[in-house]
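Listed below are the residues making up each chain.
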Amino acid sequence: MSGLLDGKRLVITGVITESSIAYAVARLAQQEGAHIVLTAYGRTSLVQRLARRLPHEPPVVELDVTAPDQLAQLADRVGEHLDGVDGVLHSVAHAPATCLDGGFMTAGWNDVSAALHTSTYSLQALVAACRPLLRPGASVVGLDFDASRAWPGYDWMGVAKAGLEACSRYLARELGPDRIRVNLVAAGPLRTLAARGIGGDGPSFEAEWAAKAPLGWDAADPDPVARTCLALLSDWLPATTGEIVHADGGHHIIGS
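Our subject in this report is the structure included herewith. (Residues numbered from 1 in each chain as written. Predicted model: local features only at pLDDT ≥ 70, side-chain atom pairs only at ≥ 80, totals over all residues. Heavy atoms only, no water.)

### Focus on a nonpolar patch on the surface
- On the surface, Leu4, Trp236 and Leu237 cluster together into a nonpolar patch covering about 330 Å² of accessible area.
- The residue Trp236 is located in the loop between helix H7 (223-233) and strand S7 (244-247) in this model.
- We classify Trp236 as exposed; its relative accessible area is 69%. (Patch = residues over 30% accessible without salt bridge, like charges linked within 9 Å, V, L, I, M, F, W, Y side chains within 5 Å. Areas by Shrake-Rupley, 256 points an atom, 1.4 Å probe, with all protein chains shown as cover. Salt bridge = Lys/Arg side-chain N within 4 Å of Asp/Glu carboxyl O. Helix = DSSP H or I, 4+ residues; strand = E, 2+ residues; numbered from the N terminus. Buried < 20%, exposed > 50% of the residue type's maximum accessible area, 1.4 Å probe, protein only.)

Rendered as structure tokens:
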């Protein structure tokens, strides 16, 4: 049997640990037949070590999503390994510590702008950089944390995620005529580097989430979120764009 992503060519950002959602997407994508390129920010040797643990070692290209020169070179660097791109995973987010954990009223603009640049604007920047390689029918998937509510400790990152959600809708509008889809996956809390700062006390937040979610929730298992990303990267949702698909055990439907 062919895999869900048989022959697909993907660019995957955000692999930094084996617990990251991006790593789970990379692993499952290869198992489903995809050819992938990973990007690395600053710690290229670390990402290369992680790449060697995947079913097939993929190439790794350096990318700082806030660096115009690296974005300008991305298509050429990826093009050395892939003759086109069918899917892009945006798994990039960062905010200075001053923007989190109670810093909403005190964070300065320099730190806030850095959070917005890395976590919001980078979606448009990444897609624009990959645009020369994107094929009709391609899919862009970004990772989100539901920005419809104000989460304890999330502060300016919550604002950045709200911007990410708006950015994805505008990208969907711009790229739709070329049959390129743009969607987000709103994950429940996972034990990743990116999830630090959500909900204040991690263990109690995870326990509350698991108790409230109709399907339950395992904060140590990124695979359900990764599988949702794979579905969107596949050809099975050809008329879905500008959406936020929740992979959170159903927590978002339950009233407080």
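Moving on, there is more to tell.
### Concerning the sheet that holds strand S4 (residues 85-90)
- Across the sheet, which stays open at both edges, the seven strands sit in the order S3-S2-S1-S4-S5-S6-S7 with parallel pairing between neighbours. At either margin of the open sheet sits one strand with a lone partner, and together these are strand S3 (60-62) and S7. For this sheet, the mean inter-axis angle between neighbouring strands, taken without regard to orientation, is 20°.
- Here four bridges tie strand S1 (residues 9-12) to strand S2 (residues 35-40), and the two strands are oriented parallel to one another. From the neighbouring strand, Val11 faces S2, where its bridge partner is Val37.
- In the packing of helix H3 (residues 68-79) onto the sheet, the strands contacted are S1, S2, S3 and S4, and the crossing angle to S3 comes to about 160°.
- Each of S1, S4, strand S5 (134-144), strand S6 (181-187) and S7 is contacted by H7, which is oriented at about 170° to S6, the strand it contacts most. (Pairing = 2+ DSSP bridges. Axes fitted to C-alpha atoms, helices over the stretch in contact; angles between N-to-C directions. Contact = heavy atoms within 4.5 Å.)

### Overview of the pairing of S6
- Where burial is concerned, most of S6 is hidden: seven out of the seven residues are buried.
- Burial along S6 is two-sided: the residues Arg181, Asn183, Val185 and Ala187 and Val182, Leu184 and Ala186 are all buried.
- By the bridge criterion, six bridges tie S5 to S6 in an arrangement that is parallel. When the bridges of S6 are listed, Val141 appears paired with Asn183.
- A crossover links S5 with its parallel partner S6, the connecting element being helix H5 (residues 155-175), and its sense is right-handed. (Right-handed = clockwise from strand over helix to strand, strands pointing away.)

### Thoughts on the state of the cysteines
- According to the stated counting rule, one finds zero disulfides in the structure shown.
- Cys167 provides the cysteine sulfur closest to Cys99, a residue in no disulfide bond, and the two sulfurs are 19 Å apart. (Disulfide = S-S within 2.5 Å.)

### Structural notes on the side chain of Asp248
- One can find Asp248 in the segment after S7.
- We note that Asp248 is buried and unpaired, the nearest opposite charge coming from Arg149 at a distance of 6.0 Å.
- Here the side chain of Asp248 touches His252 through a polar contact of 3.0 Å, side chain to side chain. (Lys, Arg positive; Asp, Glu negative; His and termini not counted. Polar contact = N/O pair within 3.5 Å; in protein donor to acceptor, adjacent residues only side chain to side chain.)

### Topic: unusual backbone geometry
- In this model, Asp155 sits at a positive phi of 45°, which is unusual for a non-glycine residue.
- Structurally, the position occupied by Asp155 is in helix H5.
- Not every positive phi belongs to a glycine, and Arg179 is a case in point at roughly 60°.
- Turning to its location among the elements, Arg179 is positioned in the loop between H5 and S6.

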